[in-house]
Amino acid sequence: MLKKVLLFICLTSLGMISVAQPKVGISLSGGGALGFAHIGALKALEEHGIEPVALSGASMGALVGILFANGLTSDQIVEVIRQEHMDHANRILTPSSKAHGLGLISHKNVYKILETHVAHNNFDSLKMYYACSVTNLTKESCEIIDKGNHLHDYVIASTSIPVVFEAMRIGDCVYVDGGLKNNMPADAIRNKCDILIGINVVPDSEKGPESFDHILDIAAHSLHLIINSGTLESIKSCDHVITPNTDHEYNAFSFKNFDELYQRGYDAMNAYIEAHPEMFQMPNSENKDKKSKKK
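Numbering of residues begins from 1 in every chain and follows the order in which that chain's sequence is written. With pLDDT at 70 or above as the cut-off, local features in this predicted model cover only qualifying residues; side-chain atom pairs require 80 or more to be listed or tallied, and sums for whole chains, interfaces and linings still use all residues. The side-chain values count all of the structure's non-hydrogen atoms but skip hydrogen atoms and water molecules.

We now examine the pairing of strand S1 (residues 24-28). Three labels apply to residues, based on accessible area from a 1.4 Å probe with only protein chains included: buried if under 20% of the type maximum, exposed if over 50%, partly exposed otherwise in between. For the purposes of this entry, the term helix denotes a DSSP run of H or I that reaches at least four residues, the term strand denotes a run of E that reaches at least two, and both are numbered from the N terminus. For S1, the buried fraction is high: 5 of the 5 residues fall into the buried class. Side chains of S1 alternate between two faces, with Val24, Ile26 and Leu28 and Gly25 and Ser27 buried alike. Both S1 and strand S9 (residues 195-199) contribute to a ladder of 5 bridges, which runs parallel. Following the sheet pairing, Gly25 is matched in S9 by Leu196. For two strands to count as paired, DSSP must find a minimum of two bridges between them. Judged from the 4 bridges that link them, S1 and strand S2 (residues 54-57) form a sheet pairing that is parallel. Within S2, the position partnered with Leu28 by the bridge is Gly57. Handedness of the crossover is the feature at issue here: the chain leaves S1, passes through helix H2 (residues 36-47), returns alongside S2, and the resulting connection is right-handed. Seen with its strands pointing away from the viewer, a crossover is right-handed if its path from the first strand over the helix to the second goes clockwise.

See below:
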């Protein structure tokens, strides 16, 4: 027996026997501009050599997620943000020209970004498994979409904060922000990976901002309260949850603070990895089964 163990150690060190590497999945929460922190967190994971096999997201997490799932690196996503001026509110918050539309803000600029950087409009074209959550107002239910055509439409629907952004008609149904029902759809990829990492950019808080000086402050904190409840259950499906420090200083409409939010995500992920060096080790089957049963 001792000879077999020594032989295994020698062959492994020589690369003649490969040790199974855990499959990593990442779930990105919604949170409007706070979702810029996701890009920094993904950068930190890349620097540690982590290549996920599955990704899910809601709202801004769905938008960042589709770019990453389409094969863009975190640095390339930053280039998209700069190139498309997504760090300027007036680029995202473009008033709708429809007199009787389903929202105040148009999606036309975000559509152009998807058409440019995610050329194929179907889920099968992506480089990894990807799913996004949407809220079906017609059926009053949450749906996880991970296949078929209308990829761009469903991502847009997932980002459609009700009333603020135009709701999406897809087929016979009307869809809005996935964060209303499932703001971090971790359960969608629980069975796709061994290690599931959730990145939640909308931390729970006991009180609101110190002042409400603008209508967007009201909208942002109302959204915070709604989507926070849609995140708590999903956290239970994750093996690790990283929560960048975005509370109170920024909100869902802080697009101009891209650099700071990116850095918050990068710092939070690096700090978590440093504190949990074991996080990328293959979990034992008992713990994995327990997580899977929580779906």
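That was the structure; now back to the text.
A word on the packing of H2 against helix H9 (residues 258-275). Where H2 meets H9, the closest approach of the two axes is 6 Å, and the angle between their N-to-C directions is 40°. Taken together, the axes of H2 and H9 are oblique relative to one another. Considering how the two elements wind past one another, H2 and H9 form a crossing that is right-handed. Along the contact surface, H2 presents Phe36, Ala37, Ile39, Gly40, Ala41, Lys43, Ala44, Leu45 and Glu47, while H9 presents Phe258, Leu261, Tyr262, Gly265, Tyr266, Met269, Asn270 and Ile273. Of the residues in the contact of H2 with H9, the class split is 12 nonpolar, 3 polar and 2 charged. Axis definition: a line fitted to C-alpha atoms, limited for helices to the stretch in contact. Angles are taken between N-to-C directions and run from 0 to 180 degrees. Angular relationships are summarised with four words: roughly parallel below 35 degrees, roughly antiparallel beyond 145, roughly perpendicular across 65 to 115, and oblique for the angles in between. Left-handed describes a crossing whose near helix is turned anticlockwise from the far helix by less than a right angle; the clockwise case is right-handed. Working rule for contacts: check all heavy atoms of both residues, and any pair within 4.5 Å makes them a contact. Three classes are used: nonpolar for Ala, Val, Leu, Ile, Met, Phe, Trp, Tyr, Cys and Pro, charged for Asp, Glu, Lys and Arg, and polar for all others, with Gly counted as polar.

Moving on, we get to the environment of Ile66. You can see Ile66 is positioned in helix H3 (residues 60-69). By relative accessible area, Ile66 is classed as buried at 0%. Once the C-alpha coordinates of Ile66 and Val155 are considered, the two residues, 89 residues apart in sequence, prove to be 7.9 Å apart. Beyond its immediate stretch of four places on either side in the chain, Ile66 contacts Leu114, Val118, Leu126, Tyr130, Leu151 and Val155.

Our focus in this paragraph is the nonpolar core. Phe36, Ile39, Leu45, Ile66, Tyr130, Ile197 and Met269 are the most contacted members of the largest nonpolar core, which has 74 residues in total. Buried residues of nine kinds, namely Ala, Val, Leu, Ile, Met, Phe, Trp, Tyr and Cys, make up a nonpolar core once their side-chain atoms join them within 4.5 Å. With 7 residues, the next largest nonpolar core counts Ala54, Met184, Ile189 and Cys238 among its residues.

Turning to the packing of aromatic side chains, a few remarks are in order. Between the rings of Phe, Tyr and Trp (Trp by its six-membered ring), a pair exists once the centres lie within 6.5 Å; its type follows the angle of the planes, with under 30 degrees stacked, over 60 edge-to-face, and the other angles tilted. Within the structure shown, the criterion is met by 5 aromatic pairs. When the ring of Phe36 is compared with that of Phe255, the centres are 6.1 Å apart and the planes differ by 75°; the resulting orientation is edge-to-face. A residue pair is termed long-range when its members are at least 10 positions apart, and Phe36 in helix H2 and Phe255 in the loop between strand S10 (240-242) and H9 qualify at 219 residues. Aromatic pair Tyr154 and Tyr175: ring centres 5.6 Å apart, planes at 80°, arrangement edge-to-face. Placement of the pair is Tyr154 in helix H7 (residues 151-158) and Tyr175 in strand S8 (residues 173-177), with a sequence separation of 21 residues. A residue is classified by how much of its surface remains accessible, and Tyr154, at 12% relative accessible area, is buried. Here a set of aromatic residues connected by ring pairs shows up, and it is made of Phe36, Phe255, Phe258 and Tyr262.

Let us look at empty space enclosed by the protein. Here a cavity denotes grid points, spaced 1 Å and computed from the protein atoms alone, that fit a 1.4 Å probe unable to get out, and a pocket denotes an open set having protein on both sides within 12 Å along at least 5 of 7 lines; residues with an atom within 4 Å of a point are the lining. Grid points are joined across faces, edges and corners, and a volume is the space filled by probe spheres set on the points. Counted under the stated rule, the structure contains 1 cavity of 30 Å³ or more. As a volume, the largest cavity reaches approximately 180 Å³. By residue class, the composition of the lining of the largest cavity is 9 nonpolar, 4 polar and no charged.

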